[in-house]
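Okay, here's what each chain looks like letter by letter:
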Amino acid sequence: MAVGQRARAAAETGGRPAILVLEDGRSFHGTGFGADGETFGEMVFNTGMTGYQETLTDPSYARQIVAMTAPHIGNTGVNDEDPESPRIWVSGYVVREPARIASSWRARRSLDEELAAQGIPGIAITGTRALTRHLRERGAMRAAIAPDGDPRALVDRVLASPSMLGADLAREVSTAEPYTVDPPPGTRVRYRVTAVDLGIKAATPRSMAQRGCRVRVLPATSTAAEILATDPDGVFFSNGPGDPAAAGYAVDALRGVLAQGVPLFGICLGSQILGRALGLGTYKLRFGHRGVNQPVKDLATGRVQITSHNHGFAVALPDTEPGGPFETPFGRAQVSHINLNDGVVEGLRLLDRPAFSVQYHPEAAPGPHDAAGEFDAFCALMDRAR
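Draft legend 1. Geometry of the sheet that holds strand 6 (residues 92–95). As summarised here, the arrangement of the seven strands in space is 1-2-8-6-4-3-9, forming a closed barrel in which the pairing is mixed. Sheet twist, expressed as the average angle between the axes of neighbouring strands with direction ignored, equals 35°. Relative to strand 8 (residues 121–124), strand 2 (residues 27–34) runs antiparallel, the two sharing four bridges. By the bridge assignment for strand 8, Gly-32 is matched with Ile-123. Lying over the sheet, helix 4 (residues 128–138) contacts strand 1 (16–22), strand 2, strand 3 (39–46), strand 4 (64–68), strand 6 and strand 9 (141–147), oriented at roughly 90° with respect to strand 3.

What follows is the structure in structure tokens.
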């Protein structure tokens, strides 16, 4: 279809012609929505059928263009209760068909209005399945969304855009100042938790607060001395974006906490930071895990949980049998969980210190909630340390 024909087709549906261009030259023509203009980022896909508002506002998606595999996005609009942070973090948004009408009593704005208000370009394409298959075969890659035109003119600019490898993004998305999340009214304070914000989701400190934790959230670059100065019963390292190999400051801080024997829990990027603190490597996954349907096996119990994920990097397996102990500077440790789809490390546990991590999201707004017990395990760890 020629550019003029695409423009007429887009006008008939109330949109404007737009194009998605990948760094390997593959392109997809479609209809623009949200903000007008160009955007660049790493092209990834999310398999969740629900939770698009949480996806958009999750800081772990910083500098990424996200394609949703569910065909109809925006049905329930945008509300003021479900965001995981004060702003949208995705660079761009790709869907098959954005809802034209928001149907929810909680909706305050449409998806199109919210993207436009926050300056985030979106594109609707009929080929989301083809795009997803392409990324699964070729791997996540850089991309751009732009007004329709010659894709060849965009490829060089896509190739000049930053790579996710080596990207230190945790400090960019983290809180600038410490803040506190208290338990809800009627819930007594049982634990003092210090959370290091590498890109924390709002549901995470809220989940801990519901269990009686007073959560003090600190910036990503906080040192071990600053963390320990809060006199915590436990320390939490959050999810976040970017390459864990570029966040050496967080690795150093986590090692300092481990050295003092304070109970520690990490999720997602926090789990990768724990892995690096123990001497393990990290690597970039071919296309990552993003969605709410990842099967994870607990190697100790054999139990399988369906879990929420958002990560493009993973911890390298140690040179031991699955679940077997390996030596670290902080005593013995083991891989505690694996992904049943591809064998990726999904959890670590120290055997001689009170510390563990999981690669997935136990707060899991909007779900599933199989893994919510990991917060209870953290509370139990703090109880035993007393």
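Draft legend 2. Inspection of helix 10 (residues 269–277) at higher detail. Counting buried positions along helix 10 gives eight out of nine residues, so the element sits mostly inside the fold. Burial in helix 10 covers these residues: Leu-269, Gly-270, Ser-271, Gln-272, Ile-273, Leu-274, Gly-275 and Ala-277.

Draft legend 3. A look at the state of the cysteines. The tally for this structure, following the rule as stated, stands at zero disulfides. A disulfide-free cysteine, Cys-213 has its sulfur positioned 4.1 Å from the sulfur of Cys-379, the nearest such atom. Overall, the relative accessible area of 6% leaves Cys-379 in the buried class.

Thresholds applied
Residues numbered from 1 in each chain as written. Predicted model: local features only at pLDDT ≥ 70, side-chain atom pairs only at ≥ 80, totals over all residues. Heavy atoms only, no water. Pairing = 2+ DSSP bridges. Helix = DSSP H or I, 4+ residues; strand = E, 2+ residues; numbered from the N terminus. Axes fitted to C-alpha atoms, helices over the stretch in contact; angles between N-to-C directions. Contact = heavy atoms within 4.5 Å. Buried < 20%, exposed > 50% of the residue type's maximum accessible area, 1.4 Å probe, protein only. Disulfide = S-S within 2.5 Å.

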